[in-house]
Amino acid sequence: MTEVRLNRLTKIYSGGKPAVDSITLDIPSGQFVSLLGPSGCGKTTTLKMLAGFEDVTSGEIAFDGEDVGRVPAEDRDIGMVFQNYALFPHMTVQQNLAFGLEMRKVSKAEIKRRVQATLEMVQLDHLADRYPAQLSGGQQQRVAIGRALTIEPRILLLDEPLANLDAKLREEMRVFIRDLQKRVGITTVYVTHDQAEAMTMSDLVVVMFDGHIAQAGAPREIYETPKTAKVAGFVGQVNLIEAPMDPATPGHAATPFGPVPVTAPGVGETVTLALRPEAIDIAPAGAPGTPATIERVQYSGAIVDYTLRFADGTAMEVKTIPRHPFATGDAVSLSVDLARFRQLEREY
Amino acid sequence: MGRNVLNIYCLAVYAFLLAPIFVVVGASFNAGEFLTFPPQGLSLRWYFTFFENEVFLRAIGTSLWIAAVATFFSVIIGTMAAIHYVNFAGRYKEAVRVAALSPLLLPEILTAIALLFFLYDIGIGTTTMFGLLVGHVLMTLPFVFMNVSASLEAYDTDWSMAARSLGARPFTRFRRIMLPLIKPGMIGGALFSFVISFDIFTISLLLKSIGTATLPIQLFDYLKTNYTPEAAAVSTLSIVATITVVVIVEKVIGLKMHKF
Ligand SMILES: Nc1ncnc2c1ncn2[C@@H]1O[C@H](COP(=O)(O)OP(=O)(O)O)[C@@H](O)[C@H]1O
Ligand SMILES: [Mg+2]
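Residues numbered from 1 in each chain as written. Chains lettered and ligands numbered in written order. Predicted model: local features only at pLDDT ≥ 70, side-chain atom pairs only at ≥ 80, totals over all residues. Heavy atoms only, no water.

1. Digging into the site of ligand 1
All names here are of chain A.
Then, number 1: Taken together, the residues surrounding ligand 1 are Tyr13, Ala19, Pro38, Ser39, Gly40, Cys41, Gly42, Lys43, Thr44 and Thr45.
Then, number 2: A distance of 3.4 Å is found between a nitrogen atom of ligand 1 and a side-chain nitrogen or oxygen belonging to tyrosine 13.
Then, number 3: Take glycine 42: an N or O atom from its main chain is 3.1 Å from an oxygen atom of ligand 1.
Then, number 4: Within the complex, the protein chains bury 54% of what would otherwise be the 560 Å² of accessible surface of ligand 1.
Then, number 5: Here the residues of the shell around ligand 1 are counted per class, giving four nonpolar, five polar and one charged. (Near = heavy atom within 4 Å. Polar contact = N/O pair within 3.5 Å; in protein donor to acceptor, adjacent residues only side chain to side chain. Areas by Shrake-Rupley, 256 points an atom, 1.4 Å probe, with all protein chains shown as cover. Nonpolar A, V, L, I, M, F, W, Y, C, P; charged D, E, K, R; others polar.)

Shown next, in the form of structure tokens:
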């Protein structure tokens, strides 16, 4: 069990602007943390610095309070899972699993025992003598995770491990990895650009943009109280409302749904509010609420997505279970619990 | 229909390319005094003559020895050059490649003359086999370089990183991961190297020391004054020797590399 601490960690590749720009993050022991962000935001670079594959330009990486920034990768005791698995093609599953233990000069008998235990853990005992090329993508993935775990590393690092699998297998592997991580109890850093993966698997989601941490928090916290429009948009659909202050109610912004309490901006400025599409209730015209017209209906069985427009021209997305058979052009009435509005920070 | 035409065409090309070899092999079983084809009667007499001919035997020995030693050094140097070229040459990559392949690109006679001058300039000359070996290493190097860099291009650097995260130090990573995975390229390069060395003529002619004639040189000398089927017998045997080496290497080491 290892607690990881990043302190103003920075990486500048020769000449360029920082790929990772002064990030500070505490990962409690045993937690599953996702680094979530678009391609190029510095997730892999952060992971490589954690693993010791890239030198740190400045800042610190500490495992259990001990600075490991200068410890070479081969001594850092990390388990690493690569996007394309990086299994040794000339070794059988068993030999792949044994490799890390051989490096540690573990006795033959002990290697045998621990490889067997790992094979059972990743449910591959029947494939021990196969070569990687003879395995399916999902099986290779499990070997890769097993190989990283046999050495009983201090932390487990995974870089987009599910990106090369098809959709169904991807969901299976999400559950598999998450269960395994819980069982082993290992501190895990998981890199992904897929918000669904990050949300469903993690204890802590770290949203990154452009080398910076935009927000870190539990999946629910990130989803329900995003700090910025970019974070709100990256972890799900969102309605952004640019609202002026309500002259009639001090300390409130005027929205189509009524006044919403906000922290007041400067004189004459507007506030940005976020509202998740599923926070809005849609009812037939005449019901209490704000009138709107349906512009588009996207029905997908369990849920239905509506694009609506208010009389003043603002558009609004609504996501709901298909209760009423509304069609394009219908007049409806929208209502919302005003507590579901989130005031967003300005981005500069 | 079109397929048959293609097949016949391919057959014809092969026949054209291989015909001289069949002529040589056929002529070697000649019972007569002269190098003729078809042979005048069948006999193994020229093979017996050959096995009593110390000069040819020594030439074959020299050729095999030089091919083996040159291949050994060629594989080591060529592999190191290829590793540097693929992983470390950076923006000099193209320059490194051209340099490594230059013995192939330059006329052999130029390389031979340059080496000859150079060897005398630095006082080594051609009194020992050293110069000859250097020449053979130089001429066979590009083949090792090409084969090994091809297998290195297919080498995923994540493998090294994975090994590293599992605790493997640089030399172990090389020995346990990279070496086995580029071995097919090294073996391919070695085979080329051996066969090419066996066939080198110009370099050998200029750089040989007294009494170190390789087989092509000895054959050339012989044919200047003789025209017996013994030359064909020698050629046939050297074809057999080359094929044998290729087959043995393929069987002993080659099979392992197809397992994954
Ligand atoms: N070896 C490298 N040399 C130079 N720039 C790099 C290198 N690796 C990554 N970068 C740059 O650093 C930034 C972050 O990359 P990366 O960490 O791979 O992002 P992500 O994994 O989030 O997609 C990108 O702009 C990328 O181009
Ligand atoms: Mg990446």
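Having seen it, we continue.
2. A few points about the sheet that holds strand β4 (residues 58–63) of chain A
Where strands meet in a sheet, backbone hydrogen bonds hold them as pairs that are either parallel or antiparallel.
Residue and element names in this part refer to chain A.
Then, number 1: Taken in spatial order, the four strands line up as β2-β1-β4-β5 in an open sheet, and their pairing is antiparallel. Pairing within the sheet leaves two strands with one partner each, and these edge strands are β2 (20–27) and β5 (66–67).
Then, number 2: Two strands pair when backbone bridges link them, and strand β1 (residues 4–11) and β4 are joined in this way by five bridges, in the antiparallel orientation. Bridge pairing links threonine 10 to serine 58 in β4. (Pairing = 2+ DSSP bridges. Helix = DSSP H or I, 4+ residues; strand = E, 2+ residues; numbered from the N terminus.)

3. Overview of unusual backbone geometry
Residues and elements named next belong to chain A.
Then, number 1: A positive phi angle, near 70°, is found at tyrosine 85, a position not held by glycine.
Then, number 2: With respect to the helices and strands, tyrosine 85 occurs in the loop between β6 (78–81) and α2 (93–103).
Then, number 3: One non-glycine residue, glutamate 160, adopts positive backbone phi at about 40°.
Then, number 4: Here glutamate 160 lies in the loop between β7 (155–159) and α5 (167–184).

4. A closer look at the confidence of the model for chain B
Residues and elements named next belong to chain B.
Then, number 1: Overall, the prediction assigns chain B a mean pLDDT of 88, with 97% of residues at 70 or greater.
Then, number 2: Of all the helices and strands in chain B, helix α11 (residues 230–252) carries the lowest mean pLDDT, 83, while helix α7 (residues 157–165) carries the highest, 95.
Then, number 3: Our summary of model confidence lists the complex with pTM equal to 0.84 and ipTM equal to 0.86. (pLDDT = per-residue confidence, 0-100.)

5. Re the domain arrangement of chain A
It is common to give the size of an interface as the accessible area that goes away when the parts come together.
Residues and elements named next belong to chain A.
Then, number 1: When cut into domains, chain A gives domain 1 (4–233) and domain 2 (237–343).
Then, number 2: One C-alpha centre belongs to domain 1, the other to domain 2, and the line joining them spans 40 Å.
Then, number 3: Contact residues are listed per partner, giving eight residues for domain 1 and five residues for domain 2.
Then, number 4: In total, about 610 Å² of surface goes out of reach between domain 1 and domain 2, with carbon and sulfur atoms giving 51% of it.
Then, number 5: Three residues stand out in domain 1 for area buried against domain 2, namely Tyr223, Ala229 and Ala232, and they jointly supply 62% of the buried area on that side.
Then, number 6: Counting across the interface, domain 1 meets domain 2 through four residue pairs in polar contact (both at pLDDT 80 or more).
Then, number 7: Elements supplying a minimum of two residues to the side of domain 1 that touches domain 2: α7 (219–224) and α8 (229–234).
Then, number 8: Tallied by class, residues from the side of domain 1 that touches domain 2 come to five nonpolar, two polar and one charged. (Domains from an automatic or database assignment. Contact = heavy atoms within 4.5 Å. Buried area = accessible area lost by both parts, 1.4 Å probe.)

6. Re the interface of chain B and chain A
Then, number 1: On the chain A side, the residues contacting the 21 residues of chain B number 25 residues.
Then, number 2: Here chain B and chain A share an interface that buries about 2,100 Å² over both sides, 64% of which is from carbon and sulfur atoms.
Then, number 3: Across the chain B-chain A interface, the total number found is four salt bridges.
Then, number 4: The shortest N-O distance in the salt bridge between glutamate 74 of chain A and arginine 173 of chain B comes to 3.6 Å.
Then, number 5: Counting every contact that joins chain B to chain A gives seven residue pairs in polar contact (both at pLDDT 80 or more). (Salt bridge = Lys/Arg side-chain N within 4 Å of Asp/Glu carboxyl O.)

7. Quick look at the nonpolar core
Then, number 1: Judged by nonpolar contacts, the single largest core of 62 residues is most densely connected at Leu50, Ile61, Phe88, Phe99 and Leu157 of chain A together with Leu152 and Ile177 of chain B.
Then, number 2: Examining the composition of this core, we find that six residues originate from one element, helix α8 (residues 170–199) of chain B, more than from any other.
Then, number 3: Aside from chain neighbours lying at most four places away, what touches phenylalanine 99 of chain A is Phe88 and Met91 of chain A together with Ala163, Leu166, Ala168, Arg176 and Ile177 of chain B. (Core = buried A, V, L, I, M, F, W, Y, C linked by side-chain atoms within 4.5 Å. Buried < 20%, exposed > 50% of the residue type's maximum accessible area, 1.4 Å probe, protein only.)

8. Some remarks on empty space enclosed by the protein
Residues and elements named next belong to chain A.
Then, number 1: In total, this model carries one cavity of 30 Å³ or more according to the counting rule given.
Then, number 2: Computed from the structure, the largest cavity encloses a volume of approximately 30 Å³.
Then, number 3: Taken together, Ile145, Leu149, Leu156, Ile177, Leu180, Gln181, Val184 and Ile186 make up the lining of the largest cavity.
Then, number 4: No other element matches α5, which puts four residues into the lining of the largest cavity.
Then, number 5: Tallied by class, residues from the lining of the largest cavity come to seven nonpolar, one polar and no charged. (1 Å grid on protein atoms, 1.4 Å probe; cavity = no way out; pocket = protein on both sides within 12 Å on 5 of 7 lines; lining within 4 Å. Points joined across faces, edges and corners; volume = space filled by probe spheres on them.)

9. Examining the pairing of β6 of chain A
Residues and elements named next belong to chain A.
Then, number 1: Burial along β6 is two-sided: Ile78 and Met80 facing one way and Gly79 and Val81 facing the other are all buried.
Then, number 2: Sheet analysis places β6 next to β7, joined by four bridges and oriented parallel. Looking across to β7, one finds that valine 81 is bridged to leucine 158.

10. Regarding the environment of glutamine 141 of chain A
All names here are of chain A.
Then, number 1: Of note, glutamine 141 is situated in helix α4 (residues 137–150).
Then, number 2: Under the relative-accessibility criterion, glutamine 141 is labelled buried at 0%.
Then, number 3: Between the alpha carbons of glutamine 141 and threonine 290 there is a distance of 51 Å; along the sequence they are 149 residues apart.
Then, number 4: Apart from residues lying up to four places away in sequence, glutamine 141 is in contact with Val81, Tyr85, Pro161, Leu165 and Met173.

11. Here we look at the pattern of salt bridges
Then, number 1: The tally for this structure, following the rule as stated, stands at 23 salt bridges over all chains.
Then, number 2: One salt bridge connects arginine 309 of chain A with glutamate 295 of chain A, and the closest N-O pair in it is separated by 2.5 Å. Taken together, the positions of arginine 309 of chain A in strand β17 (residues 304–310) and glutamate 295 of chain A in strand β16 (residues 290–299) put the pair 14 residues apart, joining distant regions of the chain.
Then, number 3: The partner of arginine 45 of chain B in a salt bridge is glutamate 33 of chain B, and the shortest N-O contact between them spans 2.9 Å. Of the two residues, arginine 45 of chain B sits in helix α2 (residues 45–52) while glutamate 33 of chain B sits in the loop between α1 (2–28) and α2, which places them 12 residues apart along the sequence.
Then, number 4: Given a relative accessible area of 31%, arginine 45 of chain B falls into the partly exposed group.
Then, number 5: Beyond isolated ion pairs, a larger network of salt bridges with shared partners links Glu110, Arg113, Arg114 and Glu152 of chain A.

12. A short note on α4 of chain A
All names here are of chain A.
Then, number 1: Between the first and last C-alpha of α4 there are 20 Å, a value that for 14 residues agrees with the 20 Å anticipated at 1.5 Å per step.
Then, number 2: Burial analysis of α4 places 13 of its 14 residues in the buried class, which makes it a mostly covered element.
Then, number 3: Two residues or fewer past α4, glutamate 152 is found with a positive phi of approximately 45°. (Expected span 1.5 Å × (residues − 1).)

13. Observations regarding the packing of α2 of chain A against α4 of chain A
The packing of two helices is summarised by the inter-axis angle and the distance between the axes.
All names here are of chain A.
Then, number 1: In contact at an axis separation of 7 Å, α2 and α4 are set at 25° when each is read in the N-to-C sense. Accordingly, the angle class assigned to the pair α2 and α4 is roughly parallel. Considering only the axes of α2 and α4, their crossing is right-handed. From α2, Val93, Asn96, Leu97 and Leu101 reach across to α4, where they touch Val143, Gly146, Arg147 and Thr150. (Axes fitted to C-alpha atoms, helices over the stretch in contact; angles between N-to-C directions. Parallel < 35°, antiparallel > 145°, perpendicular 65-115°, else oblique. Left-handed = near helix turned anticlockwise from the far one by under 90°.)

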